Amino acid sequence: MATNGTTTIEVGADGVAVITIINPPVNSLSFDVLRSLKERFEEALRRDDVKAIVVTGAKGRFSGGFDISAFGGIQNGTVEAPNRGFVAVDILTDTVEAARKPSVAAIDGLALGGGLEVAMACHARISTSSAQLGLPELQLGVIPGFGGTQRLPRLVGLSKALGMMLMSKPIKGVEAQSLGLVDAVVPANELLDTARRWALDILERRKPWLASLYRTDKIEPLGEAREILKFARAQAHKAAPNLKHPLLCIDAIEEGIVSGPRAGLWKEADVFEEVLRSDTCKSLVHIFFAQRGTSKVPGVTDLALKPRKIRKVAVLGGGLMGSGIATALILSNYPVILKEVNENFLQAGVGRVKANLQSHVKKGNMTREKFEKTLSLLKGVLGYEDFRDVDMIIEAVIENVSLKQEIFADLEKYCPPHCILASNTSTIDLNLIGEKTQSHDRIVGAHFFSPAHIMPLLEIVCTEKTSPQVIVDVLDVGKNIKKTPVVVGNCTGFAVNRMFFPYTQAAFLLVEHGADLYKIDRVITKFGMPMGPFR
């Protein structure tokens, strides 16, 4: 029977067994991998030629976490769920952490979710500076289920652990070392050798032999811990009042602090089982796979086409949308030509881009040097002279058919024949926009959402004549600027507004029948939408 991933074991002359997780592309932890990990550990513990153990992942990735595809199988009954506590208790606590031979995790690439939980069960962790470590399970409607709710607070402190879990934000290796999550940061080419020496040093008591689960030095006194947990509950409820799993995650953390880590592991197991079968989890897992499925477009991405290199992009219009699009592009190192109709409008547009970048500086996400370098990628113009070597243009002017038709006719004259002609229109038929051109195969919709440099969705609108190569190119640009690109048809409202129109129409209908519009907004907000239709 075919297996879904495995592990290997290789024992060196130094007596260190290197156990490698293998399940491309991110070495996810399927049940096959987890059972294999247990077997390899038991083998290493039996063998007289093994003194210590290093756990790592193949091809520069430790592990991206539990195999999410197994969630659906457990939920619908096609995959048999393992016994309660099989991973968190039987494998990671009673086999890995309790082993009489020390183990060290050698982390490169990703150590997310279950991957980090495996690493935390080892007696030490060595990482590269670029490695990403985190517990993002709450994004999928579940909680860390392999002991993460118990070990992370004991390694980095309660407040930081709560932030990492509730916000689902990973950290890099250098920060992980400063917090105590990893013990050393080394270059990738020294990772395995360092981990091997560290494991032997633990054996010889030159390095501490620590079981993360039973550490107490980072945990606050009970009264203070309860205040931190109380504040975290209030913040979680305020951020998402309809979601239960963040609060249940906090309950599992608290159980370990109040009743001991072993009790916390069993509480975590019970909560995980409960939330795994919830509608929230089913919905968020569906979204996870749907987002990744957007890169597969039948009749387009299955033609073996390679995206062409987009070296320069022009944006027409420096208003709210145009400046946001320009910001998104230069943040991803695309040189951008920003065109406006007069000097005042141009300076206003450039000013909006500057303001967008300055907000990154104020938040500490960008240095002043990086700000200047990024801004230097933007050039403001009033004419089409600089359009002769652009590879893509994005028109972002007001929703006026005749104006857009005039612009696209001009673009055909000034842009090179390979240049992609994209419109940011939210509602206008692309065939109508390109009616006065002969370039229907390279006309495409690139519909961003405001603010364009922040909102993740990008609708790529294709007509019956849009070239598959153009769609592949725009998909690649969307991915490069960190958007979720969705290819949609050229129909009224495309995808998002096609759903949004009936939503707002229904709200107006209720008002016409006498409903209070403020009450409508309150009900919709309570339901879970960020704002009501009238706000």
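What you see is a predicted model; the values in this text were computed from it and never measured.

Caption draft 1: Main features of the packing of aromatic side chains. Within the structure shown, the criterion is met by 9 aromatic pairs. Where F71 meets F272, the ring centres are 6.3 Å apart and the plane angle is 65 degrees; that geometry is what we call edge-to-face. Of this pair, F71 sits in helix α2 (residues 69-76) while F272 sits in helix α11 (residues 261-276), and the two are 201 residues apart along the sequence. Taken as a pair, F71 and F272 share a single burial class, namely buried.

Caption draft 2: The arrangement of the packing of helix α14 (residues 343-362) against helix α15 (residues 368-375) in detail. At their nearest, the axes of α14 and α15 sit 10 Å apart, and the two run at 155 degrees to each other. For the element pair α14 / α15, the angle class is roughly antiparallel. Note on packing geometry: the crossing formed by α14 with α15 is right-handed. Residues V353, K354, L357, Q358 and V361 of α14 pack against F371, T374 and L375 of α15. Looking at the contact of α14 with α15 residue by residue, the classes come out as 5 nonpolar, 2 polar and 1 charged.

Caption draft 3: How the structure looks around unusual backbone geometry. Omega for the bond connecting P24 with P25 falls within 30 degrees of zero, at 5 degrees, which places this linkage in the cis form. Tracing the backbone shows P25 in the loop between β2 (16-22) and α1 (31-46). A cis amide bond links S450 with the next residue in sequence, P451, at an omega value of -5 degrees. Tracing the sequence through the fold places P451 in the loop between β15 (443-448) and β16 (457-462). Although it is not a glycine, N27 sits at a positive phi angle of roughly 55 degrees. Looking at the secondary structure, you find N27 in the loop between β2 and α1.

Caption draft 4: Focus on the side chain of S439. Following the sequence through the fold, S439 ends up in the loop between α17 (430-433) and β15. The exposure class of S439 is buried, given its relative accessible area of 4%. Ignoring anything within four residues of it in the chain, the contact list for S439 reads E412 and L421.

Caption draft 5: Region of the structure containing the pairing of strand β10 (residues 313-316). Residues V313 and V315 line one face of β10 and the alternating positions A314 and L316 line the opposite face, and both faces are buried. Inspection of the sheet shows β10 paired to strand β11 (residues 336-339) by 4 bridges, in the parallel sense. Along β11, the bridge assignment pairs A314 with I337. In this sheet, strand β13 (residues 392-395) lies alongside β10 in parallel orientation, the contact comprising 4 bridges.

Caption draft 6: Representation of the sheet that holds strand β4 (residues 103-107). With respect to topology, 6 strands assemble into an open sheet ordered β1-β2-β3-β4-β6-β9, the strand pairing being mixed. If you trace the sheet from one side to the other, it starts and ends with β1 (6-11) and β9 (184-185), each paired once. In terms of strand pairing, β2 meets strand β3 (residues 52-57) through 6 bridges, oriented parallel. Residue pairing for β3: T20 is matched across the bridge by T56. Each of β1, β2, β3 and β4 touches α1; the most contacted strand, β1, lies at about 20 degrees to it.

Caption draft 7: Expanded view of helix α16 (residues 401-414). The end-to-end C-alpha distance of α16, which contains 14 residues, comes to 20 Å, matching closely the 20 Å that a straight helix rising 1.5 Å per residue would cover. Taken together, the buried positions of α16 are occupied by K404, Q405, I407, F408, A409, D410 and L411.

Caption draft 8: Spatial organisation of helix α6 (residues 158-167). By the burial criterion, the buried members of α6 are L158, A161, L162, M164 and M165. Along α6, the residues classed as buried sweep out an arc of 165 degrees about the axis, all on the same side. A positive backbone phi angle near 55 degrees is found at S168, which sits one or two residues after α6.

Caption draft 9: Quick look at the pattern of salt bridges. This structure, assessed with the given rule, holds 23 salt bridges. Linking D217 and R215 is a salt bridge whose minimum nitrogen-to-oxygen distance equals 3.0 Å. Take D217: its relative accessible area is 54%, and that puts it in the exposed class. In this structure, the salt-bridge partner of E254 is R226, at a minimum N-O distance of 3.6 Å. On the criterion of sequence distance, the pair formed by E254 in helix α10 (residues 245-259) and R226 in helix α9 (residues 222-239) is long-range, its members being 28 residues apart. We classify E254 as buried; its relative accessible area is 18%. According to the relative accessible area criterion, R226 is partly exposed, its value standing at 40%.

What counts, and where the lines are drawn
For every chain, the first residue of the written sequence is number 1, and numbering continues from 1 onward in sequence order. Reporting of local features is limited, given that this is a predicted model, to residues whose pLDDT is at least 70; pairs of side-chain atoms are given and counted only at 80 or more, and all residues count toward the totals for whole chains, interfaces and linings. As a rule here, side-chain values come from all non-hydrogen atoms in the structure, and water together with hydrogens is ignored. Ring geometry is summarised as follows: Phe, Tyr and Trp rings, the Trp one being its six-membered ring, pair when their centres sit within 6.5 Å, and such pairs are stacked at plane angles under 30 degrees, edge-to-face over 60 and tilted between the two. Numbering goes from the N terminus for both helices and strands, where a helix is a DSSP run of H or I of at least four residues and a strand is a run of E of at least two. Residue exposure (1.4 Å probe, protein chains only): buried if accessible area is under 20% of the type maximum, exposed if over 50%, otherwise partly exposed. Axis lines are fitted to C-alpha atoms, over the contacting stretch for helices. Their N-to-C directions set the angle, which ranges from 0 to 180 degrees. Roughly parallel means an angle under 35 degrees; roughly antiparallel means over 145; roughly perpendicular covers 65 to 115; every other angle is labelled oblique. Two helices that cross are described as forming a left-handed crossing if the nearer one is turned anticlockwise from the farther one by less than a right angle, and a right-handed crossing if clockwise. Here, two residues are considered to be in contact whenever any of their heavy atoms come within 4.5 Å of each other. Residues are grouped as follows: Ala, Val, Leu, Ile, Met, Phe, Trp, Tyr, Cys and Pro are nonpolar; Asp, Glu, Lys and Arg are charged; all remaining types, including Gly, are polar. The pairing criterion for strands is at least two bridges between them, as found by DSSP. In this scheme, a helix's expected span is set at 1.5 Å multiplied by one less than its residue total. Note that the arc is defined by the directions from the helix axis to the C-beta atoms. Within this document, salt bridges are pairs made up of a side-chain nitrogen of Lys or Arg and a carboxyl oxygen of Asp or Glu, the two lying within 4 Å of each other.

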